[in-house]
Amino acid sequence: MTSTTATTPIGATSEVELTIGGMTCASCAARVEKKLNRMDGVTATVNYATEKAKVSYAQGVLVTDLIATVVKTGYTAEEPPPPRIEPPEADAGEAVEPDPELSSLRERLTVSVLLALPVVLLSMVPALQFDNWQWLALTLAAPVVVWGGLPFHRAAFTNARHGAATMDTLVSVGTLAAFGWSLWALFFGDAGMEGMRDEGFSLTVSRTEGSSAIYLEVAAGVVALILLGRYLEARSKRRAGAALRALMELGSKDVSVVRDGREVRVPVAALAVGDCFVVRPGEKVATDGTVVEGSSAVDASMLTGESVPVDVTVGSAVTGATVNAGGRLVVEATRVGADTQLARMARLVEDAQNGKAQVQRLADRVSGIFVPVVLLIAVGTFGGWLGVTGDMAAAFTAAVAVLIIACPCALGLATPTALMVGTGRGAQLGILIKGPEVLESTRRVDTVVLDKTGTVTTGRMTLQEVYAADGTDEERVLRLAGALERASEHPVARAVAAGAEARTGPLAAVDGFENVAGLGVRGTVEGHEVLVGRARLLEEAGIALPQELVTFKTRAEEDGRTAVAVAWDGVARGVVTVADAVKETSAEAVRALRALGLRPVLLTGDNRTVAESVARAVGIDTADVIAEVLPRDKVDVIERLRSEGRTVAMVGDGVNDAAALATADLGLAMGTGTDAAIEASDLTLVRGDLRVAADAIRLSRKTLSTIRGNLVWAFGYNVAALPLAAAGLLNPMIAGAAMAFSSVFVVTNSLRLRAFS
């Protein structure tokens, strides 16, 4: 499938992104990449996780040529549709379409397990073997091997047509050989006789026993277990594009546009540059623009990391997807659609995901050598035994033993079982691990970049200190200030009011409330004319701050807190401070990260004064503070650290962190943050507690170590057992039992992760 532009030659620096279908392992991606790069003037990178190929091609190369090359390699390719940044109103609340491929795989797995389980029990437990049980086993095993294993057989056939072999090849050949021999033994040998029991076999291959042995449990069991691994992997890959969907859904879906003097509700996609639209308190700003009427405070923390809401008035620039926290605004659109900051961030996340290095699984890396060698050994074993003994049954039995002992049952279990146990234990501890691909990075990480707002700090303004001038008590200052601020919608005012009510009890009513744009509020509380806000508000009212209040205010601002002056009856009475408070657990978390050998770096869009104050509070060196960073620059910071030879983990929670999380070698998102950040990350800390970041890295490293141990055992077992099978020292039934023991060992080893704490 191609687009209408696919046949047009494009210039020397042209790029295209292709969606690749039919890949079943990382070696498939490597094969597609190799074939594309062999074309003249083509440079390609294929990402198995996202199933996309990013291709640069020279003039004279057609997109249809690229697609044809992929098809010739045995896979499918097409150009994906362009991303839609603002979802139309009709899409609001619409559920994500179910994945037909995943549903089909789940159905295949369920049926295969239900049919294979009785086959395994009948074959391995002699007490269950009634007369003619073998024919029931055949009836149950046949659909598992043929229909359940169809994806492996199809992939093996496709690979064979192109002269390649993967783990699919070994699964297909091994299961079909076991099943085929069982059919021969049942119909032409002695295995189909009434009263046959699957017991009393010898340890070695003999000249006569092959015709009475069946391996239906091996064929059916391997298919079911490998399908389980494939299903777990496919379910993880289903979330590959979720970060982009979360970014797109962050924006408004409709907006009130001012046309001919009245408001008209239209989809955001219908906005044009120059349109004026209304943003009421609590609503999202529909697109990037300039305020032409009204004043308010805009919460931009999800996009900029700025913890304090920004006061805006006529002439101020506002960004789409930020939240109006105060009064009514009328905004003139300056950028729409793909030109907005939100759209650019979506592209950053997409580029970061597509550019993330592939992590080749050990099983896939060695399969190119392991599979052909096993097939050659099986053929050589058959020929050698036939030449030496002249007994077809003994020769085929020995060859089947080679295939069965090498069949990658334990390999198929090595990753998913450890991942299931590790992620299950992680969920209990508040840690979500997305998949085995992310674990490789945890072993090498040496630097951890911490977003400030919402990660190290709470992400919301809270009351900090109250300072009363001589002759006034702190409780009265807080009570009057809190009562007046409760009538305001400004986030700083809400922090003061909440803190006052918590410390002094119910607050008094306010008369004559007035909001002074950009400066503060005034009104009458308990018979007093009260002013609360910036020092300039008091100055304009002819009220001077005494030196003691000036000193306290200056010190608070140097420490990164927001200072609010309080006056009544024409006299300045005190100063209250609010700040984005440091989480109580952050300092302990930083110590735990250091104990893992990681160097913590604080990254924020806030000003340096605030950032250094937070760094000192949690134990981060001020030299490792990177402040006043714009969203698009966070990716540059991560890339700069990586260019210095560091392996970087990033912990964040906002939309502004999403691209950086995807760019980092390891992305950790706070579960209390935005969906975009969570979906772009590799690990999610559900509880929003930074201490869990250290636990997440420890658990990931332990899970990776378990997976590696499982794979080493599985491969080592195969390498050691293959010569024994080829020499006829392993009866195929012993080989099947040994393979089952290998699987049990892998599962038992994985279960040790349940004790992680």
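Reading guide: rules and limits
- Residues numbered from 1 in each chain as written.
- Predicted model: local features only at pLDDT ≥ 70, side-chain atom pairs only at ≥ 80, totals over all residues.
- Heavy atoms only, no water.
- Helix = DSSP H or I, 4+ residues; strand = E, 2+ residues; numbered from the N terminus.
- Buried < 20%, exposed > 50% of the residue type's maximum accessible area, 1.4 Å probe, protein only.
- Contact = heavy atoms within 4.5 Å.
- Areas by Shrake-Rupley, 256 points an atom, 1.4 Å probe, with all protein chains shown as cover.
- Pairing = 2+ DSSP bridges.
- Patch = residues over 30% accessible without salt bridge, like charges linked within 9 Å, V, L, I, M, F, W, Y side chains within 5 Å.
- Salt bridge = Lys/Arg side-chain N within 4 Å of Asp/Glu carboxyl O.
- Axes fitted to C-alpha atoms, helices over the stretch in contact; angles between N-to-C directions.
- Core = buried A, V, L, I, M, F, W, Y, C linked by side-chain atoms within 4.5 Å.
- Phe/Tyr/Trp six-rings, centres within 6.5 Å; stacked < 30°, edge-to-face > 60°.
- Lys NZ or Arg CZ within 6 Å of the ring centre and 35° of its normal.
- Parallel < 35°, antiparallel > 145°, perpendicular 65-115°, else oblique.
- Polar contact = N/O pair within 3.5 Å; in protein donor to acceptor, adjacent residues only side chain to side chain.

1. Some thoughts on the overall build of the protein chain
For the protein chain, the count of helices and strands is 26 helices and 26 strands. Relative to its 757 residues, the protein chain shows a buried fraction of 54%. In the protein chain, the proportion of contacts linking residues at least 24 apart, taken out of those at least 6 apart, comes to 71%. With an accessible surface of roughly 31,400 Å², the protein chain has 56% of that area assigned to carbon and sulfur atoms.

2. A few points about the sheet that holds strand 13 (residues 329-335)
Reading across the sheet, the six strands line up as 6-5-7-13-8-11 and stay open at both edges, with antiparallel pairing between neighbours. Each edge of the open sheet carries a strand with a single partner, namely strand 6 (262-267) and strand 11 (317-318). Inspection of the sheet shows strand 8 (residues 288-293) paired to strand 13 by five bridges, in the antiparallel sense. The residue bridging Gly289 from the neighbouring strand is Ala333, located in strand 13.

3. Here we look at a nonpolar patch on the surface
Side chains of Leu117, Leu121, Met124, Val125 and Leu128 sit close together on the surface and give an oily, nonpolar patch of about 420 Å² of accessible area. Assignment of secondary structure puts Val125 in the loop between helix 3 (100-124) and helix 4 (133-148). Under the relative-accessibility criterion, Val125 is labelled partly exposed at 32%.

4. Structural notes on the sheet that holds strand 14 (residues 431-433)
Taken in spatial order, the seven strands make up an open sheet running 14-26-25-24-15-22-23, and their pairing is mixed. The sheet is open, and its two borders are formed by strand 14 and strand 23 (625-626), each paired with just one other strand. By the bridge criterion, two bridges tie strand 22 (residues 599-603) to strand 23 in an arrangement that is parallel. Each bridged residue has a counterpart across the sheet, and for Leu603 the counterpart in strand 23 is Ile626. Where helix 22 (residues 631-643) meets the sheet, its contacts fall on strand 15 (447-451), strand 22, strand 23 and strand 24 (648-652), and the angle it forms with strand 24 comes to roughly 155°.

5. Side note on the pattern of salt bridges
The tally for this structure, following the rule as stated, stands at 23 salt bridges. In this structure, the salt-bridge partner of Arg522 is Glu514, at a minimum N-O distance of 3.7 Å. One network of salt bridges, with partners in common, ties together Glu263, Arg280, Glu293 and Arg328.

6. Structural notes on the nonpolar core
Grouped together as the largest cluster of nonpolar side chains are 45 residues, with contacts concentrated most on Ile433, Leu450, Leu593, Leu602, Val651, Leu668 and Leu685. Those residues in contact with Leu450 that sit more than four places away from it in its chain are Val456, Val590, Leu593, Pro600, Val601, Leu602, Leu603, Ile620, Val651 and Leu690. Leu122, Leu186, Tyr215 and Ala224 belong to the second largest nonpolar core, which has 35 residues in total.

7. Some details on the pairing of strand 15
A large share of strand 15 lies buried, amounting to five of its five residues. As judged from the five bridges shared by strand 15 and strand 22, these two strands associate in the parallel manner. Note that in strand 22 the partner of Val448 across the bridge is Pro600. Here strand 15 pairs with strand 24 via four bridges, running parallel. Its bridge partner being in strand 24, Thr447 is matched across the sheet by Val648.

8. Observations concerning the packing of aromatic side chains
Under the defined criterion, the tally for this structure stands at three aromatic pairs. Aromatic side chains Trp135 and Phe187 sit 5.3 Å apart centroid to centroid with 70° between the ring planes, which places their arrangement in the edge-to-face category. Taken together, the residues span a long stretch of sequence, with Trp135 in helix 4 and Phe187 in helix 6 (residues 167-187) at a distance of 52 residues. Judged by relative accessible area, which is 51%, Phe187 ranks as exposed. When the centroid spacing of 4.6 Å and the interplanar angle of 25° are considered together, the rings of Trp181 and Trp184 count as stacked. Of this pair, Trp181 and Trp184 both sit in helix 6, three residues apart, roughly one helical turn. Of the residues examined, Trp184 reaches a relative accessible area of 33% and is grouped as partly exposed. Directly above the aromatic system of Trp147 lies the positively charged group of Arg108, at a separation of 4.8 Å from the ring centroid.

9. Focus: unusual backbone geometry
Residues other than glycine seldom take positive phi values, yet Asn132 does so here, at roughly 65°. Mapped onto the elements of the fold, Asn132 is located in the loop between helix 3 and helix 4. With a relative accessible area of 30%, Asn132 lands in the partly exposed category. In the Ramachandran plot, Glu628 falls in the positive-phi region, its phi being about 55° despite a non-glycine side chain. Residue placement: Glu628 occurs in the loop between strand 23 and helix 22.

10. Considering the packing of helix 4 against helix 5 (residues 150-161)
Interhelical geometry of helix 4 versus helix 5 gives an angle of 40° and a closest axis separation of 5 Å. Classified by the angle between their axes, helix 4 and helix 5 sit oblique to one another. For the pair formed by helix 4 and helix 5, the contact residues are Val145, Val146, Trp147 and Gly148 on the first element and Leu150, Pro151 and His153 on the second.

11. Re the side chain of Thr457
Topologically, Thr457 is positioned in strand 16 (residues 457-468). For Thr457, the side chain forms a polar contact with the side chain of Asp580, separated by 2.6 Å.

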